Amino acid sequence: MAVDRRAVEADASVEVVRESVRAGRVVVWEESARDGAQTKTLMSADFRVRLARETGGMFGADGPRQMVFAAGFPAVCAQEYEAVRQVAVEAEGAVSVAVVMAVYGDAARALIQTAIDARE
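The shown structure was predicted, so the numbers you read here are calculated from the model rather than taken from an experiment.

Rules used in this analysis
Residues numbered from 1 in each chain as written. Predicted model: local features only at pLDDT ≥ 70, side-chain atom pairs only at ≥ 80, totals over all residues. Heavy atoms only, no water. Helix = DSSP H or I, 4+ residues; strand = E, 2+ residues; numbered from the N terminus. Buried < 20%, exposed > 50% of the residue type's maximum accessible area, 1.4 Å probe, protein only. Contact = heavy atoms within 4.5 Å. Areas by Shrake-Rupley, 256 points an atom, 1.4 Å probe, with all protein chains shown as cover. Expected span 1.5 Å × (residues − 1). Arc of directions from axis to C-beta. Axes fitted to C-alpha atoms, helices over the stretch in contact; angles between N-to-C directions. Left-handed = near helix turned anticlockwise from the far one by under 90°. Nonpolar A, V, L, I, M, F, W, Y, C, P; charged D, E, K, R; others polar. Salt bridge = Lys/Arg side-chain N within 4 Å of Asp/Glu carboxyl O. Pairing = 2+ DSSP bridges.

Caption draft 1: Looking closely at the overall build of the protein. Per the secondary structure count, the protein includes 6 helices and 3 strands. Going residue by residue from the N terminus, the α and β elements of the protein occur as α-β-α-α-α-β-α-β-α. Here the protein holds 120 residues, and the buried ones make up 32% of them. Within the protein, contacts between residues separated by at least 24 positions form 74% of all contacts whose residues are at least 6 apart in sequence. When the accessible area of the protein is evaluated, it comes to approximately 7,400 Å², of which 58% is carbon and sulfur surface.

Take a look at the structure:
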């Protein structure tokens with residue numbers, strides 16, 4: 001049985017945040033991109049990536065341990081889905097990325113993309 005690399009990485013991201021909480025460190029939940037998606041003022045994917053990297057950069061190498069970036073609502077539309085995907089890929093290592101209010105279709109698309117990526 002093949003192991004889904006992204007699922008393992010997601011579990012690892014959750015664990016590093018839990019570790020920070022248990023150690024008594026501050027963990028920041030950044031919702032700028034999420035709030036923009038709710039109000040239909042979609043931030044561009046490039047802007048979200050830059051925002052995630054810069055906010056995570058405040059904590060240096062500990063960014064993923066202390067900064068959770070709510071990337072947006074992939075279920076809203078194709079543009080929002082792509083923006084969230086881009087943040088997850090390009091801001092890796094700077095923050096822990098959270099996807100908010102995902103629906104079954106988001107999970108199905110992620111599984112299909114994982115299969116495509118595995119073939120490449």
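Caption draft 2: Region of interest: helix α3 (residues 45-57). With 13 residues, α3 should cover 18 Å at 1.5 Å per step; its first-to-last C-alpha distance of 18 Å lies within 8% of that length. Among the residues of α3, those classed as buried are Ala-45, Arg-48, Val-49, Leu-51, Ala-52, Thr-55 and Gly-56. All buried residues of α3 lie within an arc of 165 degrees about the axis, which places them on one face of the element.

Caption draft 3: Inspection of the packing of α3 against helix α5 (residues 78-90) at higher detail. Put simply, α3 and α5 touch, their axes get as near as 9 Å, and they point 35 degrees apart. In terms of crossing hand, the pair formed by α3 and α5 is right-handed. Contact residues: α3 offers Ala-45, Asp-46, Arg-48, Val-49, Ala-52 and Arg-53, while α5 offers Glu-80, Ala-83, Val-84, Gln-86, Val-87 and Glu-90. Here the residues of the contact of α3 with α5 sort into 6 nonpolar, 1 polar and 5 charged.

Caption draft 4: Structural view of the side chain of Gln-66. Topologically, Gln-66 is positioned in helix α4 (residues 63-66). Among the residues examined, Gln-66 registers a relative accessible area of 11% and is labelled buried. Apart from residues no more than four positions distant in its own chain, Gln-66 is found in contact with Ser-20, Arg-25, Val-26, Val-27, Val-28 and Phe-59.

Caption draft 5: Region of interest: the pattern of salt bridges. Per the counting criterion, the structure on display carries 4 salt bridges. For Arg-48, the salt bridge identified is with Glu-80, shortest N-O distance 2.6 Å. On the criterion of sequence distance, the pair formed by Arg-48 in helix α3 and Glu-80 in helix α5 is long-range, its members being 32 residues apart. In this structure, Glu-54 engages Arg-50 in a salt bridge whose closest nitrogen and oxygen atoms are separated by 3.5 Å. Of this pair, Glu-54 and Arg-50 both sit in helix α3, 4 residues apart, which is roughly one turn of the helix.

Caption draft 6: Representation of the sheet that holds strand β2 (residues 67-72) within the structure. Read from one edge of the open sheet, 3 strands run β1-β2-β3, paired in parallel fashion. Every interior strand has two partners, whereas the edge strands, β1 (28-30) and β3 (96-99), have only one. Direction aside, the axes of adjacent strands within the sheet are offset by 25 degrees on average. One ladder, built from 3 bridges, connects β1 with β2; its direction is parallel. Within β2, the position partnered with Trp-29 by the bridge is Val-68.

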